[in-house]
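In case you want the letters, here they are:
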Amino acid sequence: MPTDQTAMAKAWNGVMGGSGQIGYDLEEADLILCIGADIMDAFGPVVRNQKAFAAKRPMEGDKTLTLVYAGPVRNRTAAVADKWVAVRPDGAAAFAMGLVNLLVRSGKSASLGGFSDFADLAAKFGPEAVAKLSGVNPEALKDVAKALLVAKNPVIVVGSESGQGAGVALSAAGVTLNAMLGSLNV
């Protein structure tokens, strides 16, 4: 049966020339962007995810983690997130490609096979196009891109849409975003 990890493996190993399985270092992240991945309730090792979140968000003292959730439903992850970006159920890949577009425009790149072609594709996902495809306001998209660019250790976790048979576009965009932000293989 298809799962989020199946789509991620196809994107990473098949399309992007990587090898192995994608994992996420949530413990060291200072910003986690979940695109359709309900990490607090139904994605990956949920208890580990919750512990990583709790360790960076003490009841007293400074929080050292910002959590942003982008997805169609206000699930448990969206409920505890600092920001919830409502994305239409079929719009997560367009949202992620819009972020790739904005990061490329800001000068970010990635050492991935085929990145140039991927960046050319992402050029079609400007903020206005993303608004039409995902329902996300262009300013909200730009705000998320800015937050990713200023974070020291951002991590993007993608899920759901790809696990429901929507292909590997969202997974490929997630891998690319992590690579562009220096969060791949670290």
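Refer to the structure above for everything that follows.
Worth saying up front: this structure is predicted, and the values here are computed from it rather than measured. (Residues numbered from 1 in each chain as written. Predicted model: local features only at pLDDT ≥ 70, side-chain atom pairs only at ≥ 80, totals over all residues. Heavy atoms only, no water.)

Asks: Would you mind showing me how to read the sheet that holds strand 1 (residues 31-35) here?
Replies: Backbone-to-backbone hydrogen bonds pair the strands of a sheet. The strands run either parallel or antiparallel. Ordered by their spatial adjacency, four strands build an open sheet running 3-2-1-4, and the pairing between neighbours is parallel. The strands lining the two open edges of the sheet, one partner per strand, are strand 3 (83-86) and strand 4 (154-158). Across the sheet, the axes of successive neighbouring strands diverge by a mean angle of 15 degrees, strand direction being ignored. Of the pairings in the sheet, the one linking strand 1 to strand 2 (residues 66-71) comprises five bridges and is parallel in character. Bridge assignment links I35 to a residue of strand 2, and that residue is A70. Each of strand 1, strand 2, strand 3 and strand 4 is contacted by helix 7 (residues 138-150), which is oriented at about 140 degrees to strand 1, the strand it contacts most. (Pairing = 2+ DSSP bridges. Helix = DSSP H or I, 4+ residues; strand = E, 2+ residues; numbered from the N terminus. Axes fitted to C-alpha atoms, helices over the stretch in contact; angles between N-to-C directions. Contact = heavy atoms within 4.5 Å.)

Asks: Looking at this structure, how should I read the pattern of salt bridges?
Replies: A side chain with one charge may pair with a side chain of the opposite charge, provided their charged atoms come close. Summed over the entire model, instances satisfying the criterion amount to seven salt bridges. One salt bridge in this structure joins R76 and D41, with 3.9 Å as the shortest N-O distance. With R76 in helix 3 (residues 76-80) and D41 in the loop between strand 1 and helix 2 (46-56), this residue pair connects regions lying 35 residues apart in the sequence. On the basis of relative accessibility, which here comes to 45%, the residue R76 falls in the partly exposed class. A relative accessible area of 45% places D41 in the partly exposed class. The partner of D82 in a salt bridge is R57, and the shortest N-O contact between them spans 2.7 Å. Of this pair, D82 sits in the loop between helix 3 and strand 3 while R57 sits in the loop between helix 2 and strand 2, and the two are 25 residues apart along the sequence. Residue D82 is classed as partly exposed on the basis of its relative accessible area of 34%. (Salt bridge = Lys/Arg side-chain N within 4 Å of Asp/Glu carboxyl O. Buried < 20%, exposed > 50% of the residue type's maximum accessible area, 1.4 Å probe, protein only.)

Asks: Where do I start with the pairing of strand 1 in this structure?
Replies: Each regular strand shows side chains that alternate between the opposite faces of the sheet. Within strand 1, five of the five residues are buried, leaving the element largely enclosed by the surrounding structure. Alternating positions in strand 1 separate into two faces, L31, L33 and I35 on one and I32 and C34 on the other, with burial throughout. As defined by bridge partners, strand 1 adjoins strand 4 across five bridges and the pair is classed as parallel. Paired with I35 across the two strands is V158, which belongs to strand 4.

Geometric descriptors of this kind do not, in isolation, establish any biological role.
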